[in-house]
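Structural overview
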Amino acid sequence: MQKTRLILVGGFLGSGKTTLLRRTAGELLARGQRVALITNDQAPGLVDTAFLKQAGLAVSEVSGGCFCCRFDQFVARAQEHLAQGQVDVILGEPVGSCTDLSATVLQPLKDLCGSQFQLAPFVVLVDPPRAREALSPPAPGGFPENVYYIFRKQLEEADAIVLNKADAYPDAEVRPLAALLRREFPTKPLLVISALTGVGLDAWLTFIGKPKPAGLHIPEIDYDLYAEGEAALGWLNARVDITAPLTTHWAPFCRKLLQHFRESLAEAKAEIAHIKLFLSTPLGSLTGNLTGGASGPVIQSGLQGPSQNASLLINARVHMLPEALRVAFERSLLEAGGGDLEIRVRSLESFSPARPQPTHRYTRVVELTA
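Calculation rules
Residue numbers restart at each chain and count upward from 1, following the sequence in its written direction. Totals for whole chains, interfaces and linings use all residues, but because this is a predicted model, local features are given only for residues with pLDDT of at least 70 and pairs of side-chain atoms are given and counted only at 80 or more. Side-chain numbers come from the whole structure's heavy atoms, not from hydrogens or water. DSSP calls a pair of strands paired once it identifies at least 2 bridges connecting them. Runs of E in the DSSP output that reach at least two residues are strands. Runs of H or I that reach at least four are helices, and both are numbered from the N terminus. All axes are obtained by fitting lines to C-alpha atoms, using only the stretch in contact for helices, and the reported angles, taken between N-to-C directions, cover 0 to 180 degrees. Aromatic pairing here means that ring centres of Phe, Tyr or Trp (its six-membered ring) are within 6.5 Å. Orientation follows from the plane angle: under 30 degrees is stacked, over 60 is edge-to-face, and everything else is tilted. We call a residue buried when its accessible area falls under 20% of the maximum for its residue type, exposed when it is over 50%, and partly exposed in between, using a 1.4 Å probe and counting protein chains only. Look down the strands so they point away from you; if going from the first strand over the helix to the second traces a clockwise path, that crossover is right-handed. For this analysis, a nonpolar core means a set of buried residues of the types Ala, Val, Leu, Ile, Met, Phe, Trp, Tyr and Cys, connected via side-chain atoms within 4.5 Å. Here, two residues are considered to be in contact whenever any of their heavy atoms come within 4.5 Å of each other. Between Lys or Arg on one side and Asp or Glu on the other, a salt bridge is scored when a side-chain nitrogen of the former is within 4 Å of a carboxyl oxygen of the latter. Arc definition: directions from the helix axis to the C-beta atoms. Residues adjacent in sequence count toward polar contacts only when both atoms are side-chain atoms; beyond that, a polar contact is any pair of N or O atoms within 3.5 Å, and within protein one must be able to donate a hydrogen and the other to accept it. Each angle receives one of four descriptions, namely roughly parallel if under 35 degrees, roughly antiparallel if over 145, roughly perpendicular if within 65 to 115, and oblique otherwise. Each residue is assigned to one of three groups, with Ala, Val, Leu, Ile, Met, Phe, Trp, Tyr, Cys and Pro labelled nonpolar, Asp, Glu, Lys and Arg labelled charged, and all others, Gly among them, labelled polar.

This part covers the sheet that holds strand 13 (residues 307-318). Two orientations exist for strands paired in a sheet by backbone hydrogen bonds: parallel and antiparallel. Strand order across the open sheet formed by six strands is 12-11-10-13-9-14, with antiparallel pairing between neighbours. Each having just a single partner strand, strand 12 (298-301) and strand 14 (342-351) make up the two edges of the open sheet. For this sheet, the mean angle separating the axes of adjacent strands, direction not counted, is 15°. In terms of strand pairing, strand 10 (residues 272-281) meets strand 11 (residues 284-291) through eight bridges, oriented antiparallel. Within strand 11, the residue paired with H274 across the bridge is T291.

Have a look at this one:
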C-alpha cells in the first residue's frame, strides 16, 4: 500500500508557515495530488485554520498543546484524513514556539506509524530579522534570551532550513544572512524563498517531493530553559461579533485595530511575535497580519462588498503578561470601533503556555528500512 507523504514545516512565530503551506497545498492540488492540512495551537480558535478552510482546503486542528504533547491527537487527525478518502500528502504546521519536534514527533512517527506515513525532511522556516537577532548577538532584539534559545534549537533540529520573506528585504541583507546560516549549519540544505510571492517555490516543491531521510538531528534540550522561553510569551485568542449601524467596508476597521494594538504594545515595550486576524462576512473574508519590527499591518481582502455584520477571529503572541495583553487588546478593539460599532466578545483566552510534557521522547534517531 502506498504511504501518505507527511510534511511538517516548523519555524518560529511569524516566520510565514501558514502562507507557505497554503501556497504549497494549492500547487500540489493543481498537480493532481490530494492534500490535507493539520494546524496546531495551544488553544482553540486558530486564525490559521479559518484562513486555510476559507481557501477550500481540507483542514483539521490539534489544539491544547503542540503536536509533541498531543501526539495521539495529531496521529488521530492524520488517520481521519486517510479514512475520509485517499490522501497523497498531509501538511502539518506545529506551534511556532515549540522545539524538540525531531525527538518527540518525527522519531515516534517513524517508529509507530512508519507503515502509514512517509516523512519528508523536517524543514524549519526562518524570518530574516529574527534570525539576525538570534544568531548575531548583540543584535538588538525585543525577546529575552530564553525565547531565542527556542529559535536556535529549532534550527539545530532541522533537516533543512528555508529562509523566507526574500521579497521583503534587499539582496544586500538576504545574502549575508544566508551566508551566516550556511556557516552556522553547514550540513543542512538552505533554500531562499518568498512564500508570499512564490519566488523559489519550484525549488521548495522539488525538495519536499523527493524521498529523503527525515529527523536526522536530535539536539540536547534544556526543558527548564525551553519552558521559561514559552512562558515568556503571552497568548491571546479571541472571537468577536461586530455590527455596524450601516453597511461598511471592513478593511479600514481591521487596519485601525491592528495599528491601535501595535501602538498600545509599543507603549508597553512589548515585543510582538505575531498578531493575526481573520474577519468574515456574508460577502467574503479578509486576513490581517502584524509582526515585530518597523513594518505595519498587512491586510489582504477577499471581501466582495460592504456589509453590516462581521465575525472576527484574532490570535496574538506577544512578549507580555497575559492579563496586560488582554487589556491592550480590549482597549484597541474599542478604539478601533470608535463608539459606532456594536462589539460582542464571544470568547477570549489570554494565557502563557504551560511547560511542555511530550507524549514520547526518543533519544536516538529511528532508522527506517526500505
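Continuing now.
To continue, consider the packing of aromatic side chains. The full count for this structure, using the stated rule, is eight aromatic pairs. Aromatic side chains F143 and Y148 sit 6.0 Å apart centroid to centroid with 70° between the ring planes, which places their arrangement in the edge-to-face category. In terms of burial, F143 and Y148 fall into one category: buried. Seen in terms of ring centroids, F261 and F329 are 5.8 Å apart; in terms of plane orientation they differ by 55°. Their pairing is tilted. Note that F261 is positioned in helix 10 (residues 251-267) and F329 in helix 11 (residues 322-337), a separation of 68 residues in sequence. Just as F261 is buried, F329 falls in that class too. The rings of F12, F143, Y148 and F151 are connected pair by pair, giving a single aromatic cluster.

What follows deals with the pairing of strand 7 (residues 160-163). Successive side chains on a regular strand alternate, one facing one side of the sheet and the next facing the other. By the alternation rule, side chains of strand 7 split into A160 and V162 and I161 and L163, which are all buried. Here strand 7 runs beside strand 8 (residues 190-192); their pairing, made up of three bridges, is parallel. Bridge pairing links I161 to L190 in strand 8. With respect to chirality, the unit in which strand 7 leads through helix 7 (residues 171-184) into the neighbouring parallel strand 8 is right-handed.

F74, L109 and L155 are the most contacted members of the largest nonpolar core, which has 59 residues in total. Apart from residues no more than four positions distant in its own chain, F74 is found in contact with L6, L8, I38, V62, F67, V105 and L109. Counting 33 residues, the second-largest nonpolar core is a separate cluster that includes L258, L277, L303 and V318.

Following the criterion strictly, the structure yields 18 salt bridges and no others. Across the salt bridge formed by R132 and E173, the nearest N and O atoms sit 3.6 Å from each other. In this pair, R132 is assigned in helix 5 (residues 128-135) and E173 in helix 7, connecting sequence segments 41 residues apart. Residue R132 is classed as partly exposed on the basis of its relative accessible area of 29%. Judged by relative accessible area, which is 34%, E173 ranks as partly exposed. A salt bridge links D241 to R344; the shortest N-O distance between them is 2.9 Å. A residue pair is termed long-range when its members are at least 10 positions apart, and D241 in strand 9 (residues 234-248) and R344 in strand 14 qualify at 103 residues. Judged by relative accessible area, which is 17%, D241 ranks as buried. Each of the salt bridges in this network shares a partner with another, and the network as a whole consists of R130, E133 and E271.

Our next topic: unusual backbone geometry. Backbone geometry follows two general trends: most residues other than glycine have a negative phi, and most peptide bonds adopt the trans configuration. One non-glycine residue, D100, lies in the positive phi region at around 65°. Examined against the element boundaries, D100 turns out to sit in the loop between strand 4 (89-92) and helix 4 (101-113). The exposure class assigned to D100 is buried, which follows from its relative accessible area of 0%. In this structure, K165 takes a positive phi of about 65° despite not being glycine. On the secondary structure map, K165 appears in the loop between strand 7 and helix 7. Using a relative accessible area of 18% as the deciding quantity, one classes K165 as buried.

For helix 8 (residues 201-209), every residue scored as buried is listed here: L201, W204, L205, F207 and I208. Each buried residue of helix 8 lies within a common arc of 160° when the element is viewed along its axis, so the set occupies one face. Looking at the buried positions of helix 8, the neighbouring elements they touch are strand 1 (4-11), helix 1 (17-30), strand 6 (123-126), strand 7 and strand 8.

Within the secondary structure layout, Q154 lies in helix 6 (residues 145-157). Q154 has contacts with G11, F12, G96, S97, C98, T99 and V124, leaving out every residue within four places of it along the chain.

This paragraph deals with the environment of K212. Within the element layout of this structure, K212 appears in the loop between helix 8 and helix 9 (223-231). Classification of K212 by relative accessible area gives partly exposed; the value is 30%. It is 8.3 Å that separates the C-alpha atoms of K212 and L119, two residues lying 93 residues apart in sequence. Beyond its immediate sequence surroundings of up to four residues, K212 is in contact with L119, P121 and F207. Within polar-contact distance, the side chain of K212 engages the backbone oxygen of F207 at 3.2 Å.

It is worth spelling out the packing of helix 1 against helix 8 at this point. Across the interface, helix 1 lies against helix 8 with an axial gap of 11 Å and an inter-helix angle of 75°. The orientation of helix 1 with respect to helix 8, classified from their angle, is roughly perpendicular. Where helix 1 approaches helix 8, its residues L20, R23, T24, E27 and L28 are matched on the opposing element by L201, W204, L205 and I208. Of the residues assigned to the contact of helix 1 with helix 8, the class counts are six nonpolar, one polar and two charged.

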